[in-house]
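What the coordinates show
The chain contents come next:
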Amino acid sequence: MENKNGITYEEWEKIIQDPDFLLKLAYRWKEDRDARVTLQADNTALKTENAKMKRQSEIAANIDSDKILSATEIAREYGKPATWLNGILSELLVQFRENGRWVLSDDFKDDGYVKYVPMTFGGRKMPKFTVNHMYWTYKGKQFIYNLLKGDGILPLDEQENKGAENNE
């Protein structure tokens, strides 16, 4: 029979009769705690590696597809708004504003990182006009990931401290 401390009646009897047994018990608890800490660190590392592999697998599966992503969708993986991502990409000279729209810099325009999707606005009382919106391909998403990773910026699911903070 075990009490709320995890010590059985027999163990309490041994502690009373043999004080060295208490030291052995404390040492066992320390070993158990150390093993748990190691397992938690390993688990966090495995979760981070799994997130990387999942991301790479997703990108590899879609790299040649016609699927596109908005800056909002990519930024959300970092726990940030699209304005943050667009600002960083602008600072890194990957893109710039032209007539109120984001445009890829000439250095990257032929790399297949983005697609422009025409969107028509206007209607009954307003003349119709079309604007090209920039969307990222999965190849572009991989480019952004590598670029930000080079600056030490990782998506939420790869941030090592995320899991450790929740367990402490």
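To be clear, the structure that these remarks concern was listed above.
Here is a short report on the structure shown in this document. All figures in this text were calculated on a predicted structure; none of them were measured in a lab. (Residues numbered from 1 in each chain as written. Predicted model: local features only at pLDDT ≥ 70, side-chain atom pairs only at ≥ 80, totals over all residues. Heavy atoms only, no water.)

1. Some words on the nonpolar core
Condition: Residues enter a nonpolar core if they are buried and are Ala, Val, Leu, Ile, Met, Phe, Trp, Tyr or Cys, with the set joined through side-chain atoms within 4.5 Å. The classification of residues rests on relative accessible area computed with a 1.4 Å probe and restricted to protein chains. Under 20% of the type maximum is buried, over 50% is exposed, and intermediate values are partly exposed. Working definition: helices are DSSP H or I runs of at least four residues, strands are E runs of at least two. Numbering for both runs from the N terminus. Pairs of residues are marked as contacts when any of their non-hydrogen atoms sit within 4.5 Å.
The biggest cluster of nonpolar side chains holds 22 residues, and the ones touching the most others in it are Ile74, Leu85, Val94, Leu104, Tyr113, Trp136 and Ile144. Elements that contribute at least two residues to this core include exactly α3 (71–76), α4 (82–91), β5 (129–137) and α5 (138–150). Of the residues forming this core, the biggest block, five residues, is contributed by α5. Residues within four places of Leu85 in sequence aside, it is in contact with Ala71, Ile74, Ala75, Ile144 and Leu148.

2. Looking at the pattern of salt bridges
Under the convention used in this document: Put simply, a salt bridge is a Lys or Arg side-chain nitrogen that is within 4 Å of an Asp or Glu carboxyl oxygen.
Under the counting rule described, the total for this entry stands at five salt bridges. When the shortest N-O distance is used, the salt bridge between Arg33 and Asp34 registers 3.2 Å. Assessed through its relative accessible area of 41%, Arg33 is described here as partly exposed. Residue Asp66 pairs with Lys115 through a salt bridge whose shortest N-O separation is 3.1 Å. Placement of Asp66 in the loop between α2 (19–62) and β1 (68–69) and of Lys115 in strand β4 (residues 114–121) is noted, with a sequence separation of 49 residues between them.

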